[in-house]
Amino acid sequence: MSNFFALIQNENMKIYRKNATKVMLIILLGMILAAGLIIKLNQPAPKENTQWKQSLVQQNKMYQQQMAQVKGSKQAVNYYKQTIATNQYRIDHNLKPAQGMTLWSFVESAAPNAALLISIFAIIVVSTSIASEFDTGTIKLLLIRPIRRTEVLLSKYLSTLMFAVFCLIVLFVFSWLIGGIMFGFGGAAEAHLSYINGKVYETSWVLAIWKNYLLSCVSLFMMVTFAGLIASAFRNSGLAIGLSIFLMMASSIIIQLLGGYSWVKYVLFANTDLTQYTTGTPLRSDMTLSFSLTVLAVYYVIFVIIGWLFYTKRDIKA
Amino acid sequence: MNSKVEAEKKPAVKLEHVTKKFGSKTVIDDLSFEIYGGEVFGFLGPNGAGKTTTIRMVVGLMRMTKGNIFIQGHSVKSEFKQALRQVGAIVENPEMYKFLTGYQNLIHYARMIPGIDKKRIDEVVELVDLKERINEKVKRYSLGMRQRLGLAQALLHRPSVLILDEPTNGLDPQGIRDLRNYLHDLTRKEGVAVIVSSHLLSEMQLMCDRIGIIQKGKLLGVETVNEFVQEGGEKVRLTVDDGAMAARVVKEKLAIETESIEPQAIELAIDHEKIPVVIDTLVMSQVKIYGAVSVTKSLEDRFLEVTGGKGLV
Ligand SMILES: Nc1ncnc2c1ncn2[C@@H]1O[C@H](COP(=O)(O)OP(=O)(O)OP(=O)(O)O)[C@@H](O)[C@H]1O
Ligand SMILES: [Mg+2]
């Protein structure tokens, strides 16, 4: 197994020595910086608000009335309940709500787009790592070592996942820095309020952000595995990259189009967004978190087995 | 040199009834032969004969449809790791990672087999004469430099079986000579078994101890280079004062047809023992003889003869 560590080292060397990878990291950093600048420049100067408690009390009153009117919709009721409880918590504990963008709200708002970008990068990395060695012919010198093809494939897959984690760390650190520079490092101490089962808790922003990242990674994880399967099966990195990114981008449209059918719940993309069980509403009322996790697991196992078979069993003709 | 090999009798590489089909097309047909430590085995055949396909099966890149291959007694099918631990190889062109330097490429391969230290890498770099350029990216290498780097990665782990598919491709004359000398040392001093496939037939003649000729996936025969060349019969070239007269004399007195007649020379395809008889006869018939040379056929002539002269680069 010490050998396996060496394989990971090799794959990492091949990933990070490529110019394409360096460009990806630069794009990621550039995107965060641009987002910070755009928000900063378009944000009105914050007014000093000493009356915030009164305005929260007023807001809560208004929400109470509105909640009474929308009784039928469980989702809306939940939303009002959460906002009211959070506001009340602020009043009780003397926690002034933030004005405009803060360090942490910037880190949070950068997450969805950056996660999509990182997914695209990870798809490109896994497809190139697996398929491009067939194009360049280096696969021949790679697979004539006393090492099983399974181990080679696994090292490529794990190195890609490590690359994705690395990107997330870069994203976290850099968006924290940019958030601090643009909106003040004073915001770093801000409390994060979460609403769990009808109660409000003060939790850590760091945890909240990483939970957010992790949920976005469900789609990343599945699409990287899918791209790996296509790359192994067709030995063509362009096809693997194109098809995976296309499906990922089109996933919400696909789900909308199929929304009417009951079997839509078995479609991969109906289950990759787990926030439907935390903050949103499930796509279909008969879907639960454990149902989605089961569907994801089944897809995952199928992707892995097919990809593995293609990679390990076929002749190398390159 | 073959006596030592004969005594050991343990093949380094052994092919047993190896057959490979692509779909219904049989590309390798029931190939069986053995290669021993201490010899350079030349794998010869026209384009598309199946040399590369055979090598791919030996190194586990392709599965065989039938048969089995053993490397130092380990089956490539069932003991892949033990078998491949013994092998260093170049398959077709030595394609390396172009975005890495030569040295990084070697580190990459060194990591995949335990027991290769920095010193060994430097040693191999020195050996293939790439020291000055080893820290440059491979995309800036010439073909010959890539070939040298390919050789370096094949030698890193001191394999007991070295397989080189067209290793002289792209090498300059000095490189070819170095390779030849190095292969000679490897086999004689370290008992390594070397398999070389090449189109440079004259090269093979200098480099190889035995050659196997393959055509359309079938083995036409395995012989030592000397046997192979001589089997076509010996030729004698006699320099004389009058070629036409000499030809007439041997035809009338000895009933031997002359292969070629020049004004001042004739060439005869005759057995070794017949040479003095011919010379005696000519002398007695007043033909002046200025010289007699025995001309062995070149490997190339023999190769063309055996394979029917078709489909050769
Ligand atoms: N992937 C493949 N599918 C079908 N046929 C193939 C495949 N690869 C090789 N062949 C066929 O197998 C035969 C042997 O090819 P191979 O590459 O082994 O020849 P070779 O002796 O190495 O030739 P060369 O001297 O040109 O390198 C050829 O007829 C070739 O067309
Ligand atoms: Mg070939």
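Residues numbered from 1 in each chain as written. Chains lettered and ligands numbered in written order. Predicted model: local features only at pLDDT ≥ 70, side-chain atom pairs only at ≥ 80, totals over all residues. Heavy atoms only, no water.

1. As for the confidence of the model for chain B
Residue and element names in this part refer to chain B.
No. 1: Mean pLDDT over chain B: 88, with 92% of residues reaching 70 or higher.
No. 2: Counting contacts from residues 1–7, a segment whose pLDDT is below 50, to residues more than four positions away or on other chains yields six contacts.
No. 3: For this predicted complex, the interface score ipTM comes out at 0.87, alongside a pTM of 0.86. (pLDDT = per-residue confidence, 0-100. Contact = heavy atoms within 4.5 Å.)

2. Considerations on the interface of chain A and chain B
No. 1: Tallying the contact residues gives 31 residues for chain A and 31 residues for chain B.
No. 2: Buried surface at the junction of chain A and chain B, both sides included, amounts to about 3,000 Å², of which 57% is carbon and sulfur.
No. 3: Among the residues chain A hides against chain B, the three largest losses belong to Ile-144, Arg-145 and Pro-146 of chain A. Together they make up 22% of the total.
No. 4: Here chain A is connected to chain B by three salt bridges.
No. 5: Across the salt bridge formed by Lys-20 of chain B and Asp-315 of chain A, the nearest N and O atoms sit 2.5 Å from each other.
No. 6: In this structure, the connection of chain A to chain B is made through 16 residue pairs in polar contact (both at pLDDT 80 or more).
No. 7: Residue assignment for the side of chain A that touches chain B shows that the elements contributing at least two residues are α1 (2–16), α5 (103–136), α6 (138–142), α7 (149–183) and α11 (289–313) of chain A.
No. 8: In terms of residue count, the dominant contributor to the side of chain A that touches chain B is α1 of chain A (seven residues). (Buried area = accessible area lost by both parts, 1.4 Å probe. Salt bridge = Lys/Arg side-chain N within 4 Å of Asp/Glu carboxyl O. Polar contact = N/O pair within 3.5 Å; in protein donor to acceptor, adjacent residues only side chain to side chain. Helix = DSSP H or I, 4+ residues; strand = E, 2+ residues; numbered from the N terminus.)

3. Structural notes on the pairing of strand β13 (residues 265–269) of chain B
Looking along a regular strand, one sees side chains alternate from face to face of the sheet.
All names here are of chain B.
No. 1: Across the five residues of β13, four count as buried, placing the element largely inside the fold.
No. 2: In this structure, strand β11 (residues 235–240) lies alongside β13, joined through five bridges in antiparallel fashion. Looking across to β13, one finds that Lys-235 is bridged to Ala-269.
No. 3: Strand direction decides the pairing type here: strand β12 (residues 258–262) and β13, joined by four bridges, are antiparallel. Bridged to Glu-262 within β13 is Ala-265. (Buried < 20%, exposed > 50% of the residue type's maximum accessible area, 1.4 Å probe, protein only. Pairing = 2+ DSSP bridges.)

4. Details of the sheet that holds strand β6 (residues 87–90) of chain B
Residue and element names in this part refer to chain B.
No. 1: Reading across the sheet, the six strands line up as β6-β7-β8-β3-β9-β10 and stay open at both edges, with mixed pairing between neighbours. Strands at the two margins of the open sheet, each flanked by one partner only, are β6 and β10 (218–224). Averaged over neighbouring strand pairs, the angle between their axes works out to 15° when direction is ignored.
No. 2: Most of the contacts of helix α2 (residues 51–58) go to strand β7 (residues 161–165), to which it runs at about 150°, and overall it touches β3 (40–44), β7, β8 (193–197) and β9 (210–215). (Axes fitted to C-alpha atoms, helices over the stretch in contact; angles between N-to-C directions.)

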